[in-house]
Amino acid sequence: MRFSNLFIPTMREVPSEAEVVSHRLMLRAGYVRQLASGLYIFLPLGWRVLNRINKILKEEMEAMGAQEISMPILHPSEIWQQTGRWYEIKDEMFRLKDRTGRDMCLGMTHEEIMTWLAAKEIRSYRQLPQIWYQIQTKLRDEARPKSGILRTREFIMKDSYSFDIDEQGLEKNYKLHADTYHKIFKRCGLNFYQVESDPGMMGGATAHEFMAPSPAGEDDIVLCNKCGYVANVEVARSVSQATKDAGWEYEEVHTPQKRTVKEVSEFLGIESAYFIKSLLLMAAEGPVFVLIRGDQELHEKKLSKIIGPFRTALKEEVLSLLGVSAGFIGPMGHKLRILADHALKEGTYISGANKIDFHTKGIKARVHFNPEWHDLHTAKKGDLCPECNALINIEKCIEIGNIFKLGTKYSLPLNAVFLDRDGQEKPMIMGSYGIGPARIAAAAIEQNYDNDGIIWPKSIAPFDIEIIPLNINDKKTIDISTSLYEMLSANGLDVLIDDRDERPGVKFKDSDLIGVPLHVILGEKALKDDMVEIKVRRTKETKRVPVFDIVKKTIEIFNAIY
RNA sequence: CGGGGCGUAGCGCAGCCCGGUUAGCGCACCUGCCUUGGGAGCAGGGGGUCGGUGGUUCAAAUCCACUCGCCCCGACCA
């Protein structure tokens, strides 16, 4: 491709609204433009990258036996009503009416429609298993689109769905997807982890996410370098490091006007880990008293799995239920249901004295309070691995893919049943599996860039090689670069040639910004000695090679990089 | 949805607090000359509903009210 025939609007300056690296570079290098909040145009270079990613996706999906199909993006509401998600999902779903007044929605995902199809067409166990996938646009009215193409309202997703006769079949397809995802992300040149995740609204028991570490990510994961435990903090367990038992006598301490753990801990000069954070929460069953250690954060999802949805108690409720105002409440002497985090099993602690302006020192579990023990805290840096007790790390990640075991969550309401070998009618056992191609592109940039621009992994770069003739008015330069272009193309490489009548500086800057993995530079000076230069974008290493050897050397060096 | 910030030329910004000729700067763009190994130089030029609406005023980019849009933090995130 000739640079002069491609629309590549590079920018020297960055639009001020772009914060994250991938967004800035994609704008500057002419890959994308923003239409509105959460809506992006993919320009020729950006679209080439997405297509290369999608090609990898298709190859690997086909290799595992999945079949590509295409589904409508506009859906009738009835199917979504049958599974209940028409009502469960609120503003995030784009809804509209057709001309007859019929309720419709735009697809945020395709469990309903895929299951509808399976329900309609599949009768017998002989037709199973099936894996259907598509690479198509999804629409979600996101509460907050952000970080360029990382969180948008319209985006392409590779989503696949498996239908099996039993759990073993699902297990097999789930593993198959996990293996395929590893191959895909590896081919795309990404660093990533497969982590345990929260099945959330998808239902079902098991879910994993594929996470690419990057400061631009929205998720935190816990990982243990020693035993390999990895999990999203949404579900991660951890062991809070034990405190030394302070061994205090049980006594009240005057703490005038000091209410929060931070205030009291500073006032007394004692670390927050020696405090019990006492929280009064209102669940459906009534008030629940929850205790965590002063240096811990309550993990609301873990708690709501135990007590259901809850809210914090109002000031008046605290006063009327416990007889003391918030800030001075302690776990001693209440008849309410009490839950506590495991960290409080051992040790001696300080908490509210249930008396205004006083705290109590020397509180011990089982002596002064007797709770149900649970894991209620959010894992954080400094905690220990729940599997092997080594120190854990926390890393920010971009979610690039996920896999869910759905079971019968969709097949039951949509009546996707088949007749099994034993003559029994049974619901299909389903799984669903997603990958965000644009997120792969963004994550690849986040993990591969320098001050000058993007450094694409070669599998997903918009071109394999960029030829840079410095002076296009020099006949020798043009003759050699043209024949090089033709020969490399004939060898199956995607080549970009910067045939613009621009100064060398401009071409160098643009080529570094755009980030094609290998550059071949033809300058008049070197050409006098019949030499050209081959530059590896990632390392900026430049090698002078003789013109007669250029095709062979270029391919050789190209094959050696990743 | 809560909190914060920002809307002035394609991009980056100044001007606004303290109202007053023709709204300015850098980059980009157009023409010519010149130059050609890391976003050159000189000369000339084009481009603006100052986000929108309403108000205050002799006079509004500037003050007031409302509104729209975009970004960031949080909540949310099949």
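Residues numbered from 1 in each chain as written. Chains lettered and ligands numbered in written order. Predicted model: local features only at pLDDT ≥ 70, side-chain atom pairs only at ≥ 80, totals over all residues. Heavy atoms only, no water.

### Regarding the sheet that holds strand β6 (residues 103-106)
Next, step 1: Taken together, the 3 strands give an open sheet; going across it, the order is β4-β6-β5, and neighbouring strands pair in antiparallel fashion. Two strands bound the open sheet, and with one partner strand each, they are β4 (74-76) and β5 (95-97). Between one strand axis and the next, the sheet turns through 40° on average, direction left out of account. (Pairing = 2+ DSSP bridges. Helix = DSSP H or I, 4+ residues; strand = E, 2+ residues; numbered from the N terminus. Axes fitted to C-alpha atoms, helices over the stretch in contact; angles between N-to-C directions.)

### A closer look at the pairing of strand β1 (residues 32-36)
Next, step 1: Taken together, the 4 bridges between β1 and strand β2 (residues 39-42) define a ladder with antiparallel strand orientation. Note on β2: the bridge partner recorded for Val32 is Phe42.

### Topic: unusual backbone geometry
Next, step 1: The residue after Leu128, namely Pro129, is reached through a cis peptide bond having omega 0°.
Next, step 2: Within the element layout of this structure, Pro129 appears in the loop between α5 (111-121) and β7 (130-139).
Next, step 3: The phi torsion at Ser147 lies on the positive side, around 55°, for a residue other than glycine.
Next, step 4: Within the fold, Ser147 resides in the loop between β7 and β8 (154-164).
Next, step 5: Classification of Ser147 as buried rests on a relative accessible area of 18%.
Next, step 6: The backbone of Arg366 sits at a positive phi, close to 70°, despite the residue not being glycine.
Next, step 7: Within the fold, Arg366 resides in the loop between β19 (358-363) and β20 (372-374).
Next, step 8: Judged by its relative accessible area of 46%, Arg366 falls in the partly exposed class. (Buried < 20%, exposed > 50% of the residue type's maximum accessible area, 1.4 Å probe, protein only.)

### Brief notes about the domain arrangement of chain A
Next, step 1: Along its sequence, chain A is organised into domain 1 (47-217 + 396-445), domain 2 (251-374) and domain 3 (463-560).
Next, step 2: Placing a centre on the C-alpha atoms of domain 1 and another on those of domain 2 gives a separation of 42 Å. (Domains from an automatic or database assignment.)

### So, the nonpolar core
Next, step 1: Formed by 61 residues in total, the largest nonpolar core has its most connected members in Tyr31, Phe185, Ile400 and Trp456.
Next, step 2: Each of domain 1 (47-217 + 396-445) and domain 3 (463-560) contributes no fewer than three residues to this core.
Next, step 3: Beyond its immediate sequence surroundings of up to four residues, Ile400 is in contact with Phe185, Leu190, Phe192, Phe210, Met211, Ala212, Gly434, Ile435, Gly436, Arg439, Ile440 and Ala443.
Next, step 4: In this structure, Trp80, Met93, Trp132 and Met430 belong to the second largest nonpolar core, which totals 27 residues. (Core = buried A, V, L, I, M, F, W, Y, C linked by side-chain atoms within 4.5 Å. Contact = heavy atoms within 4.5 Å.)

### A short note on the pairing of β6
Next, step 1: In the sheet, β4 pairs with β6 via 3 bridges, with the strands oriented antiparallel. Within the sheet, the bridge partner assigned to His75 lies in β6 and is Cys105.
Next, step 2: The sheet contact formed by β5 and β6 spans 3 bridges and is antiparallel. In the sheet register, Lys97 faces β6, and the bridge partner there is Asp103.
Next, step 3: Hairpin remark: β5 followed by β6, antiparallel, with 5 residues in the connecting loop; positive phi at Gly101, about 90°.

### What about the packing of aromatic side chains?
Next, step 1: Overall, the coordinates contain 9 aromatic pairs when judged by the stated rule.
Next, step 2: With a centroid separation of 5.0 Å and 50° between ring planes, the pair formed by Trp132 and Phe163 is classed as tilted. With Trp132 in strand β7 and Phe163 in strand β8, the pair connects residues that are 31 residues apart, well separated along the chain. Here the two residues Trp132 and Phe163 agree in accessibility, since each one is buried. (Phe/Tyr/Trp six-rings, centres within 6.5 Å; stacked < 30°, edge-to-face > 60°.)

### Side note on the packing of helix α2 (residues 44-63) against helix α6 (residues 167-187)
Next, step 1: Following both chains from N to C, one finds α2 and α6 inclined at 150°, their axes separated by 10 Å at the closest point. Judged on the interaxial angle alone, α6 and α2 are roughly antiparallel. Handedness of the crossing formed by α2 with α6: right-handed. Along the contact surface, α2 presents Ile56, Leu57, Glu59, Glu60 and Met61, while α6 presents His177, Thr180, Lys183, Ile184 and Arg187.
Next, step 2: Broken down by class, the residue content of the contact of α2 with α6 amounts to 4 nonpolar, 2 polar and 4 charged. (Parallel < 35°, antiparallel > 145°, perpendicular 65-115°, else oblique. Left-handed = near helix turned anticlockwise from the far one by under 90°. Nonpolar A, V, L, I, M, F, W, Y, C, P; charged D, E, K, R; others polar.)

### Side note on the layout of surface pockets
Next, step 1: As a volume, the largest pocket reaches approximately 1,300 Å³.
Next, step 2: In terms of lining residues, the largest pocket is bounded by 47 residues, among which Arg140, Arg151, Glu399, Asn402 and Phe404 are the most central.
Next, step 3: Contributions of two or more residues to the lining of the largest pocket are made by β8, β21 (393-407), β24 (429-435) and α10 (437-447).
Next, step 4: Of all the elements, β21 adds the most residues to the lining of the largest pocket, at 7 residues.
Next, step 5: For the lining of the largest pocket, the class distribution of residues is 20 nonpolar, 11 polar and 16 charged.
Next, step 6: The computed volume of the second largest pocket comes to approximately 450 Å³.
Next, step 7: Contributing to the lining of the second largest pocket are 26 residues, with Ser278, Leu279, Ala326, Gly327 and Ile329 lying nearest its centre.
Next, step 8: Only α7 (261-268), β14 (276-283), β16 (310-312), α9 (315-322) and β18 (349-355) provide two or more residues apiece to the lining of the second largest pocket. (1 Å grid on protein atoms, 1.4 Å probe; cavity = no way out; pocket = protein on both sides within 12 Å on 5 of 7 lines; lining within 4 Å. Points joined across faces, edges and corners; volume = space filled by probe spheres on them.)

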